[in-house]
Amino acid sequence: MKIKVASLNETKKLAQAFASLINEKGMFITLTGDIGAGKTQFIRYILECLNVKDKVTSPSFVILNEYKSSLCPIYHFDLYRLEEKGLKSIVSELREYSKEGNLTFIEWAEFAHDEIPNDAFKINVYYDEDDVDIRWFEFIENNNNKRFIEELSKKVTK
Ligand SMILES: Nc1ncnc2c1ncn2[C@@H]1O[C@H](COP(=O)(O)OP(=O)(O)OP(=O)(O)O)[C@@H](O)[C@H]1O
Ligand SMILES: [Mg+2]
């Protein structure tokens, strides 16, 4: 499913709809796509909805940020600046964070290649080819997230 986003406010609405479908079982979400397309902003709005009070920054310099929420533990990775060596050690840990009961976001998941579990919820965020003010969020369907995407679609198209 692809959702067109034309403003920060629309990103916020999409994030609110997404957040409302997350439960205490958590999720393992990967974000790929164009540089600066709005991955961190989307995560920031989701965490706002989940009542995370800490400031959500891009974890590029620390690789991993951890947040507390009454729902479940939340982890936010950014693999962009990882060196080859660091990448090897971190990707083996990614599976740990994919366990049920964690809400985990991986920005720049393209750097983790094959280490991403097959059942991860994949989101691709990119700029429109013709209009620089338009961004697209593509939610990639798999066997585990069909219902979630259906519900999300209902919420954002109504
Ligand atoms: N829908 C939107 N409309 C307008 N501006 C936006 C939108 N989404 C994000 N931005 C702005 O674009 C800039 C980059 O956003 P953000 O940091 O979320 O992108 P990113 O995909 O995480 O970037 P990076 O590839 O560096 O990780 C920020 O200034 C953000 O406020
Ligand atoms: Mg980012």
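These notes cover the structure that comes with them. From a predicted model like this one, the values you see are computed outputs, not experimental measurements.

1. What about unusual backbone geometry?
Item 1. For Asn-51, which is not a glycine, the phi torsion comes out positive at approximately 65 degrees.
Item 2. Along the chain, Asn-51 turns up in the loop between helix 2 (39-49) and strand 3 (64-67).
Item 3. With 12 C-beta atoms counted inside 10 Å, the residue Asn-51 sits in the exposed group.
Item 4. One non-glycine residue, Trp-108, lies in positive phi territory at about 60 degrees.
Item 5. As for its position among the elements, Trp-108 is in the loop between strand 5 (102-107) and strand 6 (121-127).
Item 6. The partly exposed category is assigned to Trp-108, around which 19 C-beta atoms lie within 10 Å.

2. Here's the deal with the sheet that holds strand 6
Item 1. Here we have 7 strands laid out as an open sheet, ordered 1-7-6-2-5-4-3, and mixed in their pairing. Among the strands making up the open sheet, the edge pair consists of strand 1 (2-5) and strand 3. Strand-to-strand twist in this sheet, taken as the mean axis angle between neighbours without regard to direction, amounts to 15 degrees.
Item 2. Both strand 6 and strand 7 (residues 135-140) contribute to a ladder of 6 bridges, which runs antiparallel. Note that in strand 7 the partner of Lys-122 across the bridge is Ile-140.
Item 3. In this fold helix 2 packs onto strand 2 (26-33), strand 3, strand 4 (74-78), strand 5 and strand 6, with an angle of close to 160 degrees to the strand it touches most, strand 5.

3. Some details on the site of ligand 1
Item 1. For ligand 1, the set of nearby residues contains 14 residues, the closest of which are Thr-11, Gly-38, Lys-39, Thr-40 and Gln-41.
Item 2. Only helix 1 (8-20) and helix 2 provide two or more residues apiece to the shell around ligand 1.
Item 3. Of the residues forming the shell around ligand 1, the biggest block, 3 residues, is contributed by helix 2.
Item 4. Broken down by class, the residue content of the shell around ligand 1 amounts to 4 nonpolar, 7 polar and 3 charged.

4. Quick look at helix 2
Side chains that are three or four residues apart share a direction in an α-helix, a result of its 3.6 residues per turn.
Item 1. Of the positions making up helix 2, those classed as buried are Lys-39, Thr-40, Phe-42, Ile-43, Tyr-45, Ile-46 and Leu-47.
Item 2. Tucked inside the fold, the buried residues of helix 2 contact helix 1, strand 2, strand 3, strand 4, strand 5 and strand 6.
Item 3. Downstream of helix 2 by one or two residues, Asn-51 has phi in the positive range, about 65 degrees.

5. Observations concerning the environment of Gln-16
Item 1. Examined against the element boundaries, Gln-16 turns out to sit in helix 1.
Item 2. For the pair formed by Gln-16 and Cys-49, sequence separation is 33 residues and the distance between their alpha carbons is 6.3 Å.
Item 3. In contact with Gln-16, not counting residues within four places along its chain, are Tyr-45 and Cys-49.

6. Quick word on the environment of Glu-151
Item 1. Following the sequence through the fold, Glu-151 ends up in helix 4 (residues 146-157).
Item 2. For the pair formed by Glu-151 and Asn-9, sequence separation is 142 residues and the distance between their alpha carbons is 20 Å.

Parameters at a glance
Residues numbered from 1 in each chain as written. Chains lettered and ligands numbered in written order. Predicted model: local features only at pLDDT ≥ 70, side-chain atom pairs only at ≥ 80, totals over all residues. Helix = DSSP H or I, 4+ residues; strand = E, 2+ residues; numbered from the N terminus. Buried ≥ 20, exposed ≤ 12 C-beta atoms within 10 Å, placed from the backbone. Pairing = 2+ DSSP bridges. Axes fitted to C-alpha atoms, helices over the stretch in contact; angles between N-to-C directions. Contact = placed C-beta atoms within 7 Å. Near = placed C-beta within 6 Å. Nonpolar A, V, L, I, M, F, W, Y, C, P; charged D, E, K, R; others polar.

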